Amino acid sequence: VQLQASGGGLVQAGGSLRLSCVASGRTFSSYAMAWFRQAPGKEREFVAGINRSGGSTAYADSVKGRFTISRDNAKNTVYLQMNGLKPEDTAVYYCATAKSPFGIVVTTATRGYDYWGQGTQVTVSS
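Undergrad: So what exactly am I meant to see when it comes to the pattern of salt bridges here?
TA: When charged atoms on two side chains of opposite charge get close, those side chains can pair. Across all of its chains, the model carries five salt bridges by this definition. The shortest N-O distance in the salt bridge between arginine 37 and aspartate 89 comes to 2.9 Å. Of the two residues, arginine 37 sits in strand β4 (residues 33-38) while aspartate 89 sits in the loop between β8 (77-82) and β9 (91-98), which places them 52 residues apart along the sequence. For the pair arginine 37 and aspartate 89, a shared accessibility class is recorded, and that class is buried. Of the charged contacts, one joins arginine 66 and aspartate 89 as a salt bridge, the two residues approaching to 2.7 Å between their closest N and O atoms. Here arginine 66, found in the loop between β6 (57-59) and β7 (67-72), pairs with aspartate 89, found in the loop between β8 and β9; they are 23 residues apart in sequence, far enough to count as distant. Judged by relative accessible area, arginine 66 falls into the buried class, the value being 14%. Bridged by salt links that share partners, the residues Arg37, Glu45, Arg66 and Asp89 form one connected network.

What follows is the structure, given as structure tokens:
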């Protein structure tokens, strides 16, 4: 299984970015997907997740109302639209695929995911 994340960059506070993650090697539409992030000196944290159909999503409180996760099963791709970016959003963002297929509830724990992308850096300047 391979996950290829892209779309990171440097943006001013209040700006927007859209991250993409293309998956291969697994039946994409059978698995929930998620985005996590890790800032320097901090643990990796859940940002957003989406179930296999896209009908259920979950967000960290810190990004609710600003970030939107979506997926296109025909393109094996999950997206993270990030609006209203803040300096505290600065981190390396990772996409991940759930360990178990056919789940209904989106898990927020890192142990619920078994394959991870290489990460894409997001830097928000003040």
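Undergrad: What am I meant to see in the packing of aromatic side chains here?
TA: What describes a pair of aromatic rings is the distance from one ring centre to the other and the angle between the planes of the rings. Counted under the stated rule, the structure contains four aromatic pairs. Their ring planes at 80° and their centres at 5.6 Å tell us that phenylalanine 36 and phenylalanine 46 sit as a pair that is edge-to-face. Here the residue phenylalanine 36 occupies a position in strand β4, and phenylalanine 46 occupies one in strand β5 (residues 45-50), the gap between them amounting to 10 residues. A ring pair is formed by phenylalanine 36 and tyrosine 113, whose centres lie 5.3 Å apart and whose planes are at 75°; its orientation type is edge-to-face. Linking phenylalanine 36 in strand β4 with tyrosine 113 in strand β10 (residues 113-116), this pair joins segments that are 77 residues apart in sequence. In this structure an aromatic cluster arises from ring pairing among Phe36, Phe46, Tyr113 and Trp116. Looking at arginine 44, its charged tip hangs above the ring of tyrosine 94, at a distance of 3.8 Å from the centre. Sitting over the face of the ring of tryptophan 116, arginine 44 holds its NZ or CZ atom 4.8 Å from the ring centroid.

Conventions adopted
Residues numbered from 1 in each chain as written. Predicted model: local features only at pLDDT ≥ 70, side-chain atom pairs only at ≥ 80, totals over all residues. Heavy atoms only, no water. Salt bridge = Lys/Arg side-chain N within 4 Å of Asp/Glu carboxyl O. Helix = DSSP H or I, 4+ residues; strand = E, 2+ residues; numbered from the N terminus. Buried < 20%, exposed > 50% of the residue type's maximum accessible area, 1.4 Å probe, protein only. Phe/Tyr/Trp six-rings, centres within 6.5 Å; stacked < 30°, edge-to-face > 60°. Lys NZ or Arg CZ within 6 Å of the ring centre and 35° of its normal.

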